[in-house]
Amino acid sequence: MSEPIGPARIIATPAAREAIRLLRAAGGGPVMFVQSGGCCAGSTPMCFPVGEFLIGDIDILLGEIDGCPFYIDKRLDQAWHQDQFLLDVALGEPEDFSLPAGESLHFVTRSPSCVSPDAPGENALTPPE
Amino acid sequence: MKYVPPGLPGSIVSVEPRYENFIGGKWLAPTHGKYRVDLAPATAGPITEVADSTPEDVELALDAAHAAKDAWGEASTTERAKVLNAIADAIEKNQDMLAVAESWENGKPVRETLAADIPLMVDHFRYFAAAARAEENRSTEIEKDLVAYHFREPLGVVGQIIPFNFPLLMAAWKLAPALAAGNCSVIKPASPTPWSILKLMETIEDVLPHGVINVVTGPGAEIGKALAANPRIAKVSFTGETVTGRLIMQYAAQNLIPSTVELGGKSPNIFFNDVMAHDDEFLDKAIEGLVLYAFNKGEVCTCPSRALIQADIYDEFMARCLARIASIRQGNPLDTDTQVGPQVSAQQIEKIASYVDIGRNEGAEVLIGGQRARVDGAEFADGYYYQPTVLKGDNKMRVFQEEIFGPVLAVTTFTDDADALAIANDTLYGLGAGVWTRDGTRAYKMGRGIKAGRVWTNCYHQYPAGAAFGGYKISGIGRENHLMMLDHYSQTKNLLVSYSTKPLGLF
């Protein structure tokens, strides 16, 4: 796995950071995110207790949000050619094995350039600390 | 014809206020007594409640499966086939009821569940009943007095995790071969679609030996790992996205058990110029073949979501296809005239909308659709409907590279066979593909050249039990369907037997 280079490639909305804070409090430790692809819940980030998912040489660390690492498969990253990912939360339970982002909420990644200015306030950007 | 929604007066589908797990032939309340609401995507309203299970419930299901596995594994293939055929008969007898339940919970139009999902389930159980009986073990005369006998033995108890897009058919794909090979199953349906498989269990519980199939519902984060990482399963199979697929393989590696993962695709559907050589039934079939991207509202791992059209027919062929797409009827999934129903969940429609935005930002041209659909009927005002959409662009765009899992087609052109093949293979995935041409040689060469597990040739979206299905590249590992599945759900036992009395003479 490689270290992030240059400006942060992962940023988060206040709602996502609040969800992470609550997960940390409930689980007693940080979580990790892995961007998914493919079928069904593909394209959403999967959230696990940190260390649950085995990171390999194929994975890139995009950055950390409040101490929680965010990874993407190098091949997906190349195919998507997206400079920056915005971690947010959206309505609905998560699918597959991902932890929820709170009651009836799941994590999503958005392209910051696609975030509509009239979207709910949770889309206000916050850089990671 | 319009079916009445499940649970309403006059519906052919009865609905209990809540459903428990099906374990050991009984309906067992979840250990912690928690339930979650199951929604109908057409109305966003509740259907019922299902168990919100915890790892304790997975253990109970594994207890029941282990208690059943010896008797089931030792049953003759004749006896097992009888049960599989009885399952098929029970499903067939309740075909309309299951079709309506499946449509209402998933959103897929009932014309599809009546014509495809449920009849295919029936056929899968009958196919594997027949396959198990017809299968012969093999023996080899290694030397005159030394014989190698090979027997298939069941793995034992398998863990199976199914997706939301074909809740019943994917259950049949996984259960039929597992049971035929003598295994017992603990199966977890997807979080958005836990109910129709419980209706299936109501339908077949009287013909099923206790503990052979055990269904546990609940969130994947809570019970997915409890099942997939459990040292008491002998194989795990999963259909879903790539990260959970890797996690499943990671757990399987830690337990040293086999796994099968089917993880989606971005399937090319290639139309050569000779499809327009005549204006005939075949051209009509090819046009329908392109529009099949909207089958099951695009929520199909093999959705033909990239159309590659030879440049010299693009304008005329696409015009015919767009006219067909414009005539698609969206609405009540329980109306047999409806062709496209709602997406399965709020999550999915949000994802689709965000991908169309990404496509627009990348410069893709929206040829049709491109927004949420409003359909007739006040009760469907909150349903998750999205217009069948076509985006024209370039294969390097993200909407050509990532699975949108909705009725969104990315279309581009190619010049010649080599160009078509290069674009088709320029993807991380390799699950399905389609080739449309009147030239048999070209069809064969393209089919062999495309790096995908299934190349539909002059057809698409057919899923017979006797054709192997599975992915190349990151679309997954392993296959489903076809009698080779008996292998995938068995151990091989070799007895190496000497009929000679002579010592080796070494000691």
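Notes on the structure follow. Note that this is a predicted model, so its numbers are computed, not measured. (Residues numbered from 1 in each chain as written. Chains lettered and ligands numbered in written order. Predicted model: local features only at pLDDT ≥ 70, side-chain atom pairs only at ≥ 80, totals over all residues. Heavy atoms only, no water.)

This brings us to the sheet that holds strand E1 (residues 10–12) of chain A. Residues and elements named next belong to chain A. What the 3 strands build is an open sheet, ordered E1-E6-E7; its pairing is mixed. The strands lining the two open edges of the sheet, one partner per strand, are E1 and strand E7 (105–110). Sheet twist, expressed as the mean angle between neighbouring strand axes with direction ignored, is 35 degrees. Here strand E6 (residues 85–91) pairs with E7 via 6 bridges, running antiparallel. If you follow Asp88 over to E7, its bridge partner there is Val108. Of the strands in this sheet, E1, E6 and E7 touch helix H1 (residues 14–27), which is tilted by about 75 degrees from E6. (Pairing = 2+ DSSP bridges. Helix = DSSP H or I, 4+ residues; strand = E, 2+ residues; numbered from the N terminus. Axes fitted to C-alpha atoms, helices over the stretch in contact; angles between N-to-C directions. Contact = heavy atoms within 4.5 Å.)

All right, on to the packing of helix H2 (residues 77–93) of chain B against helix H5 (residues 167–180) of chain B then. All names here are of chain B. Put simply, H2 and H5 touch, their axes get as near as 9 Å, and they point 160 degrees apart. It follows from the interaxial angle that H2 and H5 lie roughly antiparallel. Here Arg80, Leu84 and Ile87 of H2 lie close against H5, whose contacting residues are Ala176, Leu179 and Ala180. Of the residues in the contact of H2 with H5, the class split is 5 nonpolar, no polar and 1 charged. (Parallel < 35°, antiparallel > 145°, perpendicular 65-115°, else oblique. Nonpolar A, V, L, I, M, F, W, Y, C, P; charged D, E, K, R; others polar.)

Turning to the interface of chain A and chain B, a few remarks are in order. Chain A puts 41 residues into the contact, and the matching count from chain B is 45 residues. Between chain A and chain B, roughly 3300 Å² of surface is buried when both sides are summed, and carbon and sulfur atoms account for 57% of that area. Linking chain A with chain B are 4 salt bridges. For Arg36 of chain B, the salt bridge identified is with Glu93 of chain A, shortest N-O distance 3.8 Å. Taken together, the connections running from chain A to chain B amount to 21 residue pairs in polar contact (both at pLDDT 80 or more). When residues of the side of chain A that touches chain B are traced back to their parent elements, those giving at least two are strand E2 (31–35), strand E3 (45–49), helix H2 (74–80), E6 and E7 of chain A. Taken together, the residues of the side of chain A that touches chain B break down into 19 nonpolar, 14 polar and 8 charged. (Buried area = accessible area lost by both parts, 1.4 Å probe. Salt bridge = Lys/Arg side-chain N within 4 Å of Asp/Glu carboxyl O. Polar contact = N/O pair within 3.5 Å; in protein donor to acceptor, adjacent residues only side chain to side chain.)

Right, let's talk about unusual backbone geometry for a bit. Residue and element names in this part refer to chain B. One non-glycine residue, Asn481, lies in positive phi territory at about 70 degrees. Residue placement: Asn481 occurs in the loop between strand E22 (476–477) and helix H15 (485–488). Exposure remark for Asn481: the relative accessible area of 0% places this residue in the buried category. Even without a glycine there, the phi angle at His482 is positive, about 75 degrees. (Buried < 20%, exposed > 50% of the residue type's maximum accessible area, 1.4 Å probe, protein only.)

This part takes up the pattern of salt bridges. Applying the stated criterion to the full structure yields 29 salt bridges over all chains. Across the pair Asp88 of chain A and Arg110 of chain A runs a salt bridge whose closest N-O atoms are separated by 2.8 Å. Linking Asp88 of chain A in strand E6 with Arg110 of chain A in strand E7, this pair joins segments that are 22 residues apart in sequence. Summarising the burial analysis for this pair, Asp88 of chain A and Arg110 of chain A share the class buried. Residue Asp63 of chain B pairs with Arg232 of chain B through a salt bridge whose shortest N-O separation is 2.9 Å.

For the rest of this paragraph, the subject is the packing of aromatic side chains. Residues and elements named next belong to chain B. Summed over all chains, the structure comprises 22 aromatic pairs over all chains. Each ring, one from Tyr149 and one from Phe151, has its centre 6.5 Å from the other, and the planes form 25 degrees; the classification is stacked. According to the relative accessible area criterion, Tyr149 is partly exposed, its value standing at 25%. Here the aromatic rings of Trp456 and Tyr463 are separated by 5.4 Å at their centres, their planes lie at 80 degrees, and the arrangement is edge-to-face. Above the face of the Tyr35 ring, Arg18 is positioned so that its terminal group lies 3.8 Å from the ring centre. Over the ring of Tyr489 we find Lys235; its NZ or CZ atom is 4.9 Å from the centre of that ring. (Phe/Tyr/Trp six-rings, centres within 6.5 Å; stacked < 30°, edge-to-face > 60°. Lys NZ or Arg CZ within 6 Å of the ring centre and 35° of its normal.)

Another aspect to go through is the nonpolar core. Core analysis: the biggest nonpolar cluster contains 149 residues, and Ile91, Leu208, Ile213, Leu290 and Phe317 of chain B have the highest contact counts within it. Here this core takes 12 residues from helix H4 (residues 110–134) of chain B, the largest share from any one element. Apart from residues no more than four positions distant in its own chain, Phe317 of chain B is found in contact with Phe271, Val275, Met276, Leu283, Ala286, Ile287, Leu290 and Ile309 of chain B. Counting 41 residues, the second-largest nonpolar core is a separate cluster that includes Ile10 and Ile20 of chain A together with Tyr386 and Ile474 of chain B. (Core = buried A, V, L, I, M, F, W, Y, C linked by side-chain atoms within 4.5 Å.)

Residue and element names in this part refer to chain B. Assignment of secondary structure puts Pro464 in the loop between strand E20 (454–457) and strand E21 (472–473). A relative accessible area of 41% places Pro464 in the partly exposed class. Between the C-alpha atom of Pro464 and that of Gly447, which follows or precedes it by 17 residues, the distance is 18 Å. Those residues in contact with Pro464 that sit more than four places away from it in its chain are His124 and Asn481.

Further remarks concern the sheet that holds strand E6 (residues 138–143) of chain B. Residues and elements named next belong to chain B. Strand order in the open sheet formed by 3 strands is E6-E7-E23, with antiparallel pairing between adjacent strands. A strand with exactly one partner marks an edge of an open sheet, and here the two such strands are E6 and strand E23 (490–498). Strand-to-strand twist of the sheet, defined as the mean angle between neighbouring strand axes without regard to direction, takes the value 25 degrees.

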